Structures are given as C-alpha cells and as structure tokens.
Amino acid sequence: MNGKGSSNCENCVNYVYDDDSGCFVCMIDLDEDEMVRFIQGTNYSCPYFRLDDEYGVVRHQN
C-alpha cells in the first residue's frame, strides 16, 4: 500500500473488470464516509490504493 494513497483508480490493483456488470469496479468495500469522499472527488486519497504493477514480479526475480 502506498503511504499517501491515491484516487487514480485505473492504476489500482483493486480496480477490476466485472463481467456480470460489464464495467470496472473497486473490489474494496468502502464504508459510508469513504464512499462520500470518493464520490465528491475533492482531494480524495484512497487508503487502499495499491499500484497495479504487472512488471513488479519480473523486476523482483532479477
């Protein structure tokens, strides 16, 4: 987890495509306060953000 968090969901490992709904969704179950901050979008810094770095495993192996 990133110390500062982030609001760029597209780069988060928790933001995945859901075949049933046909769209991307966040796999984290945000509480009510977190959801309000996310929807308002005013300087929201997600505490659950983890960079979806698919090449991290390869770098770690070297």
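As a reminder, the structure under discussion sits directly above these lines.
As the structure is a prediction and not an experimental result, all values here were calculated from the model.

*Asks:* Please clarify how the pairing of strand β2 (residues 23-26) should be interpreted in this entry.
*Replies:* Remember that side chains alternate between the two faces of the sheet whenever the strand is regular. As paired elements, strand β1 (residues 15-18) and β2 share four bridges and run antiparallel to each other. Within β2, the position partnered with Y17 by the bridge is F24. In this antiparallel pair of consecutive strands, β1 and β2, the connection spans four residues, and G22 shows a positive phi of 75°.

*Asks:* Just to check I follow, could you spell out the packing of aromatic side chains for this structure?
*Replies:* Each aromatic ring pair is described using two quantities: the centre-to-centre distance and the angle formed by the ring planes. Within the structure shown, the criterion is met by two aromatic pairs. Between the aromatic rings of Y15 and F24, the centroid separation amounts to 5.4 Å while the plane-to-plane angle is 20°, which identifies the pairing as stacked. The exposure class assigned to Y15 is partly exposed, which follows from its relative accessible area of 27%. Aromatic pair Y17 and F24: ring centres 5.3 Å apart, planes at 70°, arrangement edge-to-face.

About the criteria used
- Residues numbered from 1 in each chain as written.
- Predicted model: local features only at pLDDT ≥ 70, side-chain atom pairs only at ≥ 80, totals over all residues.
- Heavy atoms only, no water.
- Pairing = 2+ DSSP bridges.
- Helix = DSSP H or I, 4+ residues; strand = E, 2+ residues; numbered from the N terminus.
- Phe/Tyr/Trp six-rings, centres within 6.5 Å; stacked < 30°, edge-to-face > 60°.
- Buried < 20%, exposed > 50% of the residue type's maximum accessible area, 1.4 Å probe, protein only.

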